[in-house]
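Letter by letter, the chains look like this.
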Amino acid sequence: QIFGVLGSLVILGAPADFLSNVGTGVRDFFYEPINGMVHGPTQFIEGLEAGTQSLARGVFVGVVRGAANVTEAVNSNLAGLTADDEFIDERKAHQRMITDARSRGANKSIGHSLYLAGVSVVR
């Protein structure tokens, strides 16, 4: 039951985020072609392309973010169930290190991101 309660709290935010991303895509899917139609047939095609891309991006980002949020909730819950304070402290320290690195802009390249992923797997 505890997983159900904690998981539902994260899942409640996921639909809002998903709807926001998809909503922007749907708006652009209709707005861009209509706006282009006013200016001419070439701009209509360009607007149709831009609107379709925005819709696809909105759906993709919404699904990926939702899955990431649920995965993080499950991960945190499983770590808490270990009842190993040393492991939990190490995990929190590692998460703080990653957050600090992101705020400093340390992982701007894909190579550096892959390096951090490799280091975390080795640990």
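Residues numbered from 1 in each chain as written. Predicted model: local features only at pLDDT ≥ 70, side-chain atom pairs only at ≥ 80, totals over all residues. Heavy atoms only, no water.

Quick notes on the overall build of the protein
Logical step 1: For the protein, the helix and strand inventory stands at 4 helices and 0 strands.
Logical step 2: Start at the N end of the protein and walk to the C end: the helices and strands fall as α-α-α-α.
Logical step 3: Expressed as a percentage of the 123 residues in the protein, the buried residues total 17%.
Logical step 4: Taking as baseline every contact in the protein between residues at least 6 positions apart, the subset at least 24 positions apart corresponds to 55%.
Logical step 5: With the model as given, the accessible surface of the protein reaches about 9,000 Å², and the carbon-plus-sulfur share is 65%. (Helix = DSSP H or I, 4+ residues; strand = E, 2+ residues; numbered from the N terminus. Buried < 20%, exposed > 50% of the residue type's maximum accessible area, 1.4 Å probe, protein only. Contact = heavy atoms within 4.5 Å. Areas by Shrake-Rupley, 256 points an atom, 1.4 Å probe, with all protein chains shown as cover.)

Let's talk about the side chain of Asn21
Logical step 1: Tracing the sequence through the fold places Asn21 in helix 1 (residues 2–39).
Logical step 2: With a relative accessible area of 15%, Asn21 lands in the buried category.
Logical step 3: Filtering out sequence-adjacent residues up to four positions away, Asn21 remains in contact with Gly58, Val61, Gly62 and Arg65.

Some remarks on the packing of aromatic side chains
The description of an aromatic ring pair uses the distance of the two centres, along with the angle that the planes make with each other.
Logical step 1: For the structure shown, the criterion picks out 1 aromatic pair.
Logical step 2: Look at Phe29 and Phe30: their rings are 5.3 Å apart centre to centre, the planes differ by 85°, and that puts the pair in the edge-to-face class. (Phe/Tyr/Trp six-rings, centres within 6.5 Å; stacked < 30°, edge-to-face > 60°.)

As for a nonpolar patch on the surface
Logical step 1: Residues Phe18, Leu19, Val59 and Val63 make up a contiguous nonpolar surface patch of about 330 Å² in total accessible area.
Logical step 2: Checked against the element boundaries, Val59 lands in helix 2 (residues 41–81). (Patch = residues over 30% accessible without salt bridge, like charges linked within 9 Å, V, L, I, M, F, W, Y side chains within 5 Å. Salt bridge = Lys/Arg side-chain N within 4 Å of Asp/Glu carboxyl O.)

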